[in-house]
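Coordinate analysis (summary)
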Amino acid sequence: MIAANDYEFLRQLLLKRSGLALSGDKQYLLNGRLAPIMRDHGLTSMAELVLRLRGANNEKLERSLVEAMTTNESFFFRDKTPFENFTSVMLPKFLATRTPGKPIRIWCAAASTGQEPYSLAILIRENAAKLAGWRIEIVGTDLSQEVLDRAASGIYTQFEVQRGLSIHHLMKHFAKVGDGWQISPDIRAMVQFRQLNLLNPFHHLGVFDIVFCRNVLIYFDAPTKSEVMARLAKVLAADGFLVLGGAETVVGLTDAFRLAPGQRNLYVVNQGGAHPPAATEARPTLPVRVALAR
Ligand SMILES: C[S@@+](CC[C@H](N)C(=O)[O-])C[C@H]1O[C@@H](n2cnc3c(N)ncnc32)[C@H](O)[C@@H]1O
């Protein structure tokens, strides 16, 4: 049982720290997800947990709480279409309109355990002939350091590699390690991971040509979605693409983006919108560890 005022305290804390907007009836979710944390910290009730959180020096506990409440589900080539669009719409456009000197920069803004950026890296590797001479940089960020550590290890369970990966991709890009599978070092080297909370500024990451921001905005309330989208528009090149999740839309939230012709969940910058991007050039500001397409 969670007392109403304790639930409200936890709800506000999660909203402030991660953008997670819990409705008034999700006590069962907190009970289920927070039980391991309470065990780890020797806490026997929600009231005790809240008391500890209200006290000083609780940063570590707050972080564990926020991480425990994130939904980290991801899988390779999730929803298929965004990845088909990557090779048939997005890359061809840049190849036709850009010069190879500048890198094409891709950001997976809620990368979780890495399946999304690695799916893109696999496609880049498999299109190496077309991409000869182009540099492509993939940055994967997430709120949770725990999932990023898993992503960086590139190790997946049998169950995880069976979700979305073809046998061909598995055999070509993974090696068996113990009970699981590890993605090859050359694919791993194509992605750099770093911790980032989307509620915080992200302009220091530089300007991107493609942003995958999938299945994270659904957890935010409308004002937070609008605010994050407005800032995404500012780090997207004028001819760039925004990819949202299957259940996500910009409608009613921002006029900074419009649907790419004939697409669902693939957006382009709306030049006439309220938040045109601040920059039109890709300016990498991260230490560049790019994939050299071979
Ligand atoms: C459901 S996963 C999505 C993974 C991947 N994009 C996909 O679609 O398969 C959502 C991820 O968003 C992350 N997340 C939640 N709140 C966030 C925030 N405020 N800033 C950055 N990442 C956040 C979670 O840690 C989680 O890994």
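Residues numbered from 1 in each chain as written. Predicted model: local features only at pLDDT ≥ 70, side-chain atom pairs only at ≥ 80, totals over all residues. Heavy atoms only, no water.

Considering the site of the ligand
Where we set the bar: Definition of nearness: a residue and a molecule or strand are near each other if at least one heavy atom of the residue lies within 4 Å of the molecule or strand. A 3.5 Å cut-off defines polar contacts: any pair of N or O atoms within that distance qualifies, except that in protein one atom must be a possible hydrogen donor and the other a possible acceptor, and neighbouring residues in sequence count only when both atoms are side-chain atoms. To be clear on the numbers: accessible area is Shrake-Rupley with a 1.4 Å probe, and residue cover counts the displayed protein chains and nothing else. Residue polarity follows a fixed list, in which Ala, Val, Leu, Ile, Met, Phe, Trp, Tyr, Cys and Pro are nonpolar, Asp, Glu, Lys and Arg are charged, and the others, Gly among them, are polar.
In the vicinity of the ligand there are 20 residues, among which Ser74, Arg78, Ala110, Asp142 and Asn215 approach most closely. Residue asparagine 215 places a side-chain N or O atom 2.7 Å away from an oxygen atom belonging to the ligand. Taken by itself the ligand offers 600 Å² of open surface, and the protein chains cover 98% of this. A class-by-class count of the residues in the shell around the ligand yields six nonpolar, nine polar and five charged.

Points about the nonpolar core
This is how the line gets drawn: What makes a nonpolar core is a set of buried Ala, Val, Leu, Ile, Met, Phe, Trp, Tyr and Cys residues whose side-chain atoms join them at distances within 4.5 Å. Throughout this description, buried means an accessible area under 20% of the type-specific maximum (1.4 Å probe, protein chains only), exposed means over 50%, and partly exposed covers the range between. For the purposes of this entry, the term helix denotes a DSSP run of H or I that reaches at least four residues, the term strand denotes a run of E that reaches at least two, and both are numbered from the N terminus. By the convention used here, residues are in contact when the closest approach between their heavy atoms is within 4.5 Å.
Ranked by size, the top nonpolar core spans 41 residues in total, and within it Phe86 and Phe174 carry the most contacts. It is helix α6 (residues 115-126) that contributes the most residues to this core, six residues altogether. Beyond its immediate chain neighbours, meaning those up to four positions away, phenylalanine 86 contacts Leu91, Pro92, Ile106, Leu120, Leu123, Ile124 and Ile210. One finds Leu205, Ala233, Leu236 and Val269 within the second-largest nonpolar core, a separate group that totals 28 residues.

Comments concerning the packing of aromatic side chains
Quick note on the threshold: Centres within 6.5 Å make a pair out of two Phe, Tyr or Trp rings, where for Trp the six-membered ring is used; the pair is then stacked when the planes are under 30 degrees apart, edge-to-face when over 60, and tilted otherwise. Placement of a charge over a ring requires the Lys NZ or Arg CZ to be within 6 Å of the ring centre, with the centre-to-atom vector within 35 degrees of the ring normal.
Inspection of every chain in the model, using the stated rule, returns nine aromatic pairs. Ring geometry for phenylalanine 76 and phenylalanine 174: centres 5.6 Å apart, planes at 90 degrees, overall edge-to-face. Placement of phenylalanine 76 in the loop between α4 (59-69) and α5 (81-97) and of phenylalanine 174 in strand β4 (residues 174-177) is noted, with a sequence separation of 98 residues between them. Across the pair, exposure class does not vary: phenylalanine 76 and phenylalanine 174 are buried alike. Taking 6.5 Å as the distance between ring centres and 85 degrees as the angle between the ring planes, the aromatic pair formed by tyrosine 118 and tyrosine 156 counts as edge-to-face. Here tyrosine 118 is found in helix α6, whereas its partner tyrosine 156 is found in strand β3 (residues 155-156), with 38 residues between them in sequence. On the basis of relative accessibility, which here comes to 0%, the residue tyrosine 118 falls in the buried class. Through pairs of rings, three or more aromatic residues link up here, namely Phe76, Tyr118, Tyr156, Phe174 and Phe193. A cation over an aromatic ring shows up here: arginine 105 above the ring of phenylalanine 208, its NZ or CZ 4.3 Å from the ring centre.

Thoughts on the confidence of the model for the protein chain
As a reminder of what qualifies: pLDDT is a residue-level measure of predictor confidence that goes from 0 to 100.
Summing up the model confidence of the protein chain, the mean pLDDT is 92 and the portion of residues at 70 or higher is 92%. In the predicted structure, residues 273-294 sits below a pLDDT of 50 and forms 68 contacts with residues beyond four places in sequence or in another chain.

Considering the sheet that holds strand β5 (residues 180-183)
What counts here: Strand pairing is assigned whenever DSSP detects at least two bridges linking the two strands.
Taken in spatial order, the three strands line up as β3-β5-β4 in an open sheet, and their pairing is antiparallel. The open sheet has two free edges, formed respectively by β3 and β4, since each of these has just one partner strand. In the sheet, β3 pairs with β5 via two bridges, with the strands oriented antiparallel. Paired with isoleucine 155 across the strands is glutamine 182, a residue of β5.

Comments concerning the state of the cysteines
The condition is simple: Two cysteine sulfurs form what is called a disulfide whenever their separation falls within 2.5 Å.
Across all of its chains, the model carries zero disulfides by this definition. Free of any disulfide, cysteine 213 has its nearest neighbouring cysteine sulfur in cysteine 108, separated by 9.9 Å.

Observations concerning the pattern of salt bridges
Put simply, the rule reads: Each reported salt bridge corresponds to a side-chain nitrogen of Lys or Arg within 4 Å of a carboxyl oxygen of Asp or Glu.
Inspection of the entire model under this criterion finds 14 salt bridges. In this structure, the salt-bridge partner of arginine 17 is glutamate 62, at a minimum N-O distance of 2.6 Å. In this pair, arginine 17 sits in helix α1 (residues 4-18) while glutamate 62 sits in helix α4, placing the two residues 45 residues apart along the sequence. A residue is classified by how much of its surface remains accessible, and glutamate 62, at 12% relative accessible area, is buried. Overlapping salt bridges, with partners in common, bring together Arg17, Glu59, Glu62 and Arg63 in one network.

Some words on the environment of aspartate 255
For aspartate 255, the location among the structural elements is in the loop between β8 (236-244) and β9 (257-259). Classification of aspartate 255 as partly exposed rests on a relative accessible area of 39%. Separated by 26 residues in the primary sequence, aspartate 255 and methionine 229 have C-alpha atoms spaced 9.4 Å apart.

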